[in-house]
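Residue strings, one per chain:
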Amino acid sequence: MSARVQGKSIIITGAGSGMGRVFALGLAREGATVGVLDLRKDAAEAVCAELRDEGLTGIPLAADVSRRDQVIAAFDAFVEETGRLDVLFNNAGFNEPMHLMDVTEENWRAIMDVNAMGTLIGIQEGARRMIPHRQGKIVNTSSIAGRQGYPSFAPYCASKFAVNALTQAAARALAEHDITCNAFAPGVVDTPLWTKLDQDLMDIGDAERPGQAMADFAAGILRGRVATGEDILGTALFLASADSDYLTGQVIMVDGGMVLV
């Protein structure tokens, strides 16, 4: 084991399932103490139990990332236990598809609050705990939906375009403190989020049968298949480690070749 993040204290939001869970396991195996933050405390605790079974260190944390008071409490609890925050993954997010003409104010606000406001709050509160140490890495989860608009994902696309803008703004604002901020942009990843999307897209008439929506989106992937969380882990590890020290303000596409920019 190369232990590329040995001794690092890392929080991952949305880590109770999907990519976040894969990141928590992968980063802990590389030597990190991981704060497993999820909206559901039981999901965070289940992932930490997996870590304990491997002799690894995970700290369960619960917060709604769109609620600053909850984020502050979770981050403070983590830093109190570990002494510092070295890396933050703003990974929590969700989507609720609607046709463009059907998008409601409620739908817009719910998605933007978690995906965009949650990222802003994470950046701010993460940076506040990094600045005294004059070092840190903030990694945001973007998407191919942050590079182009999809007709049934308008608020989600807007939220991920916002993540890209926040990544650049934070990179510029935090450079003087030796804090970097980057993002990665997956395409179609086989996670619970896509399982739900598959059903949602059938519900609004964009697909006729289970699996069709994912298959239709995946048709343009140059690598010929949808991603797993493990396919994205290498990029996450790169962005959390010293290997990416000279990189900031960037959005790395990890989509198997769906969007070429």
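Calculation rules
Residues numbered from 1 in each chain as written. Predicted model: local features only at pLDDT ≥ 70, side-chain atom pairs only at ≥ 80, totals over all residues. Heavy atoms only, no water. Pairing = 2+ DSSP bridges. Helix = DSSP H or I, 4+ residues; strand = E, 2+ residues; numbered from the N terminus. Axes fitted to C-alpha atoms, helices over the stretch in contact; angles between N-to-C directions. Contact = heavy atoms within 4.5 Å. Phe/Tyr/Trp six-rings, centres within 6.5 Å; stacked < 30°, edge-to-face > 60°. Polar contact = N/O pair within 3.5 Å; in protein donor to acceptor, adjacent residues only side chain to side chain. UniProt positions renumbered as here; feature names shortened; annotations may be inferred. Parallel < 35°, antiparallel > 145°, perpendicular 65-115°, else oblique. Left-handed = near helix turned anticlockwise from the far one by under 90°. Nonpolar A, V, L, I, M, F, W, Y, C, P; charged D, E, K, R; others polar. Expected span 1.5 Å × (residues − 1). Bend = angle between axes of the 7 residues up to and from the residue.

## Focus on the sheet that holds strand S3 (residues 58-62)
Inference 1: Ordered by their spatial adjacency, seven strands build an open sheet running S3-S2-S1-S4-S5-S6-S7, and the pairing between neighbours is parallel. Strand pairing shows two members of the sheet lacking a second neighbour, S3 and strand S7 (251-254), which therefore form its edges. For this sheet, the mean inter-axis angle between neighbouring strands, taken without regard to orientation, is 20°.
Inference 2: The pairing of strand S2 (residues 33-38) with S3 spans five bridges and is classified as parallel. Paired with Gly 35 across the strands is Ile 59, a residue of S3.
Inference 3: Sitting on the sheet, helix H4 (residues 105-130) is in contact with strand S4 (87-90), strand S5 (136-141) and strand S6 (179-186), with an inclination near 175° to S4.

## A closer look at the side chain of Thr 119
Inference 1: Among the structural elements, Thr 119 can be located in helix H4.
Inference 2: Setting aside anything within four residues of it in sequence, one finds Thr 119 in contact with Asn 90, Val 114, Asn 140, Val 163 and Leu 166.

## So, the packing of aromatic side chains
Inference 1: Across all of its chains, the model carries seven aromatic pairs by this definition.
Inference 2: On the basis of an interplanar angle of 5° and a centroid distance of 5.6 Å, the ring pair of Phe 153 and Phe 217 is categorised as stacked. Of this pair, Phe 153 sits in the loop between S5 and helix H5 (154-174) while Phe 217 sits in helix H7 (residues 212-218), and the two are 64 residues apart along the sequence.
Inference 3: Every member of this aromatic cluster is reached through a ring pair, and the members are Tyr 150, Phe 153, Tyr 156, Trp 194 and Phe 217.

## Thoughts on the side chain of Asn 164
Inference 1: Checked against the element boundaries, Asn 164 lands in helix H5.
Inference 2: At 2.9 Å, the side chain of Asn 164 and the backbone oxygen of Gly 146 are in polar contact.

## Let's talk about the UniProt feature "domain: Ketoreductase" (unreviewed entry) in the chain
Inference 1: Per the UniProt entry, the sites bearing "domain: Ketoreductase" (unreviewed entry) are residues 8-192 in this numbering.
Inference 2: As a span, residues 8-192 carries 48% helix and 18% strand, and end to end its C-alpha atoms are 28 Å apart.

## Observations concerning the packing of helix H1 (residues 18-29) against helix H8 (residues 229-240)
Inference 1: Axis separation between H1 and H8 bottoms out at 9 Å; the angle between their running directions is 55°. Taken together, the axes of H1 and H8 lie oblique to each other. Of the two possible hands of crossing, H1 and H8 adopt the one that is right-handed. In this structure, H1 contributes Met 19, Val 22, Phe 23, Gly 26 and Leu 27 to the contact, and H8 contributes Gly 229, Glu 230, Ile 232, Leu 233, Ala 236, Leu 237 and Ala 240.
Inference 2: A breakdown of the residues in the contact of H1 with H8 according to their chemical character gives nine nonpolar, two polar and one charged.

## Considering H4
Residues separated by three or four positions in an α-helix point in the same direction, a consequence of the helix having 3.6 residues per turn.
Inference 1: Over its 26 residues, H4 extends 35 Å from the first C-alpha to the last, a length consistent with the 38 Å expected when each residue adds 1.5 Å.
Inference 2: Along H4, the sharpest kink reaches roughly 40°, centred on Asp 113.

## Thoughts on the environment of Glu 230
Inference 1: Topologically, Glu 230 is positioned in helix H8.
Inference 2: Through-space distance from the C-alpha of Glu 230 to that of Phe 23 is 8.1 Å; in sequence the pair is 207 residues apart.

## Focus on the packing of H4 against H5
Packed helices, taken two at a time, are described by the angle between their axes plus the distance between the axes.
Inference 1: Contact geometry of H4 with H5 gives a least axis separation of 9 Å together with a crossing angle of 15°. On the basis of their axis angle, the class for H4 and H5 is roughly parallel. Here H4 and H5 pass one another in a crossing that is right-handed. Listed contacts from H5 to Asn 107, Trp 108, Ile 111, Met 112, Asn 115, Ala 116, Thr 119, Leu 120, Ile 123 and Ala 127 of H4 are Pro 155, Tyr 156, Ala 158, Ser 159, Lys 160, Ala 162, Val 163, Leu 166, Ala 170 and Leu 174.

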